Amino acid sequence: MERVRDDMESSRMNSLPQNHQAASQEDAPEPMTPELQRLAELSPRPTTLAQTGLSLTFLADLLGKHLASAGVLATSQLIDRLALAGPVIDQILHFMRAEGRIEVRSRLGLDAELRYGLTDKGRLEAADALNRGGYIGPAPVPLADYVSLVRRQSVHRHMITRQAVRDAFSGVVIAEELIDRLGPALNSQRAMFLYGNAGTGKTYTARRLASALSGLVLVPHSIAVHETVVEIFDPLCHQQMDFMYPPSPTMLDQGFDPRYVACERPIVLTGGELAADMLEVQRDSATRTYSAPIQLKANNGFLLIDDLGRQRVEPAVLFNRWIVPMDSRQDSLTTGKGHHFEVPFDLVLVFSTNLRPEDIADEAFLRRLGYKIEFTPIQPSHYRQIWQDICAERSIAFDPALVGYAIDELHRKSQIPLLPCHPRDLLGMALDRIAYLGVGELDETSLRWAWDSYFLHKAANEFKHTESNRG
């Protein structure tokens, strides 16, 4: 035991390269920004094993899997990989050496750190750990710690003001009445149901509305549910923030727990690809890893279910799955090992559809939603403004007579309502033709050509009749 203790002391002295040690002594640390300070107060760095909330045997198995995957690793590399402080890594290494699972390998240089590799016993233990769970990454956060943090950084903790919503729609042509319907819905802690014809701007409006939910939150790489690790951080859903002066890994009293990632509030969008299994914890049988459902990834943020009624999961299944979480703000999940656990359902939930609400949901569910907001065709004045904005964006001259022609001669005579998507689509197609021909200008002729290419003019029965004649 004495030799193990002496080796442990040597490991502590070599936890970081010499230049890192010198830097910590000579260089004054950069002062933390108020935002970093806030995140550090939300979840300070754990400096002891007890503060991690995880067992020594669990962390030893995780460290063993890292060594099995990488071969030989130095102490600083283990600190980075497991996102744990040097004293905690030292304690795990001490335990694993006493168990005969790791051994010190040769240094790469005179001032290099101690490097560790697995023994035969360690390889067997790591293989057994991998069979039980394939996760290899930063140490997870205990479920209880995650639940507490989600509640403290709730998306509903601060009220969104009218000015904040107006700022989110700065530069967007949108009716004042619609803004003042969306704002209260955002603060209500109830789901929103946006409906209306395709092209009325539901998806675009929802995305802009989400930008009103500003501020940084901490998202864990993963959480530990008993011995099961469920991965949460997803680069497709979470926008990680980089700090100009990140806290030094040697300054244990600064910065937040590195098992979390500082992100903008999550904005999760899903459409026709949504399937029933995406609402539950998913297990990858090949890698033996678990990933969080979409609503868990969206916690503390915004979740948009777009094109409702066109998903791989039936609307009734989706509604029944979330009807209790929407009321209780609590979601029940199950791991592949049968462990049930609860997590906050803390998000702004928005459904968007171009189908009739009564065709995809019954009256009882629609009543629970609270906010049903219809998107209708826009006024000519808004259409003109959008047309002018697109012209400015494409660096082309704005011709009031041309947009008047589109409204009066094309839309009105064809009885096609004015939708926000039309100016961009029609102008874009007209410019495509001009570029293709290499001659011409944006005029009534090119706009009429775009109109005829954009809209269907044959009746459905006439098209079917023509096709049958060809057969």
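What you see is a predicted model, and the numbers here were worked out from it, not measured in a lab.

Q: For the packing of helix H5 (residues 56-70) against helix H7 (residues 86-98), give the residues involved together with the corresponding values.
A: The angle between the axes and the distance between the axes are what describe a pair of packed helices. At a minimum axis distance of 10 Å, the contact between H5 and H7 shows a crossing angle of 85 degrees. Looking at the two axes, H5 sits roughly perpendicular to H7. Residues Leu-56, Thr-57, Leu-59, Ala-60, Leu-63 and Gly-64 of H5 form the contact with H7, whose own contacting residues are Gln-91, Ile-92, Leu-93, Phe-95 and Met-96. In the contact of H5 with H7, the residues fall into eight nonpolar, three polar and no charged.

Q: Which residues make up the sheet that holds strand E17 (residues 371-375), and what values go with them?
A: Strands pair in a sheet through their backbones, by hydrogen bonds, and they do so in one of two ways: parallel or antiparallel. Strand order in this open sheet of five strands is E10-E13-E16-E5-E17, and the pairing throughout is parallel. Each end of this open sheet is capped by a strand with a single partner; those strands are strand E10 (267-270) and E17. In this sheet, neighbouring strand axes are inclined to one another by 15 degrees on average, regardless of whether the strands run parallel or antiparallel. Sheet analysis places strand E5 (residues 192-196) next to strand E16 (residues 347-353), joined by four bridges and oriented parallel. Counted as the bridge partner of Met-192 is Val-350 from E16. Running over the sheet, helix H11 (residues 176-187) touches E5, E16 and E17 and is turned about 155 degrees from E17. Docked against the sheet, helix H12 (residues 202-210) engages E5, E10, strand E13 (301-305), E16 and E17, running at close to 150 degrees with respect to E5.

Q: Help me get a handle on the packing of aromatic side chains, residues and values and all.
A: Applying the stated criterion across every chain, the model contains eight aromatic pairs. The interplanar angle of 20 degrees and the centroid separation of 3.8 Å between the aromatic rings of Phe-319 and Phe-365 together place this pair among those described as stacked. Linking Phe-319 in helix H14 (residues 315-328) with Phe-365 in helix H16 (residues 363-369), this pair joins segments that are 46 residues apart in sequence. Phe-365 shares its class with Phe-319; the two are buried. When the ring of Tyr-454 is compared with that of Phe-455, the centres are 4.8 Å apart and the planes differ by 90 degrees; the resulting orientation is edge-to-face. Residue class for Tyr-454 comes out partly exposed when judged on its relative accessible area of 28%. Ring pairs connect the aromatic residues Phe-319, Phe-351 and Phe-365, which therefore count as one cluster.

Q: Tell me about H11, and please be specific about residues and values.
A: Here H11 is twelve residues long and its end C-alpha atoms lie 17 Å apart, about the 16 Å a rise of 1.5 Å per residue gives. Along H11, the residues classified as buried are Leu-178, Ile-179, Leu-182, Gly-183, Ala-185, Leu-186 and Asn-187. Within two residues after H11, Gln-189 carries a phi angle of roughly 65 degrees, on the positive side.

Q: Give me the lowdown on the layout of surface pockets, citing residues and values where you can.
A: In this structure, the largest pocket occupies an estimated 1000 Å³ of space. Together, 37 residues line the largest pocket, and Thr-200, Gly-201, Tyr-204, Thr-205 and Pro-420 are the ones closest to its centre. Elements supplying a minimum of two residues to the lining of the largest pocket: H11, H12, E16, E17, helix H17 (380-393) and helix H19 (422-437). The leading source of residues in the lining of the largest pocket is H17, at five residues. Partitioned by chemical class, the residues of the lining of the largest pocket number 15 nonpolar, twelve polar and ten charged.

Q: Residue-level account of the environment of Val-313, with values.
A: Counting through the fold element by element, Val-313 comes out in the loop between E13 and H14. A relative accessible area of 5% places Val-313 in the buried class. Sequence-wise, Val-313 and Leu-279 are 34 residues apart; in three dimensions their C-alpha atoms are separated by 10.0 Å. Ignoring anything within four residues of it in the chain, the contact list for Val-313 reads Leu-274, Ala-275, Ala-276 and Leu-318.

Q: So, the pattern of salt bridges: which residues are in play, and what are the values?
A: Scanning the model with the defined rule gives 19 salt bridges in all. With a shortest N-O distance of 2.7 Å, Arg-162 and Asp-180 are connected by a salt bridge. Here the residue Arg-162 occupies a position in helix H10 (residues 162-168), and Asp-180 occupies one in helix H11, the gap between them amounting to 18 residues. We note a salt bridge from Arg-321 to Glu-280, for which the minimum N-O separation is 2.6 Å. With a gap of 41 residues between them, Arg-321 in helix H14 and Glu-280 in the loop between E10 and strand E11 (282-284) connect regions that are remote in the sequence. We classify Arg-321 as buried; its relative accessible area is 17%.

Quick notes on the rules
- Along every chain, residues carry numbers that run from 1 in the direction the sequence is written.
- The model is predicted, so local features are restricted to residues of pLDDT at least 70 and side-chain atom pairs to those at 80 or more, both for listing and for counting; the totals for chains, interfaces and linings are taken over all residues.
- Calculated side-chain values reflect all of the structure's heavy atoms, with hydrogen atoms and water omitted.
- Every axis corresponds to a line fitted to the C-alpha atoms, with the helix fit spanning only the stretch in contact, and the corresponding angles, defined between N-to-C directions, vary from 0 to 180 degrees.
- In this description a helix means any DSSP run of H or I spanning at least four residues, a strand means any run of E spanning at least two, and both kinds are numbered starting from the N terminus.
- Should an angle fall under 35 degrees it is taken as roughly parallel, and over 145 as roughly antiparallel, whereas 65 to 115 is taken as roughly perpendicular and any remaining angle as oblique.
- Contacts: residue pairs with any heavy atoms within 4.5 Å of one another.
- Think of it as three bins: nonpolar holds Ala, Val, Leu, Ile, Met, Phe, Trp, Tyr, Cys and Pro, charged holds Asp, Glu, Lys and Arg, and polar takes everything else, Gly as well.
- Strands are labelled as partners when DSSP assigns at least two bridges between them.
- Aromatic contacts are taken between Phe, Tyr and Trp rings whose centres are within 6.5 Å, Trp giving its six-membered ring; a plane angle under 30 degrees counts as stacked, one over 60 as edge-to-face, and the others as tilted.
- A 1.4 Å probe rolled over the protein chains alone gives each residue an accessible area, and that area as a share of the maximum for its type sets the label: buried under 20%, exposed over 50%, partly exposed in between.
- By definition here, a helix of n residues has an expected span of 1.5 Å times n minus one.
- Points on a 1 Å grid, built from protein atoms alone, make a cavity when a 1.4 Å probe fits but cannot get out and make a pocket when they are open with protein on both sides within 12 Å along at least 5 of 7 lines; residues with an atom within 4 Å of a point are the lining residues.
- Grid points are joined across faces, edges and corners, and a volume is the space filled by probe spheres set on the points.
- Between Lys or Arg on one side and Asp or Glu on the other, a salt bridge is scored when a side-chain nitrogen of the former is within 4 Å of a carboxyl oxygen of the latter.

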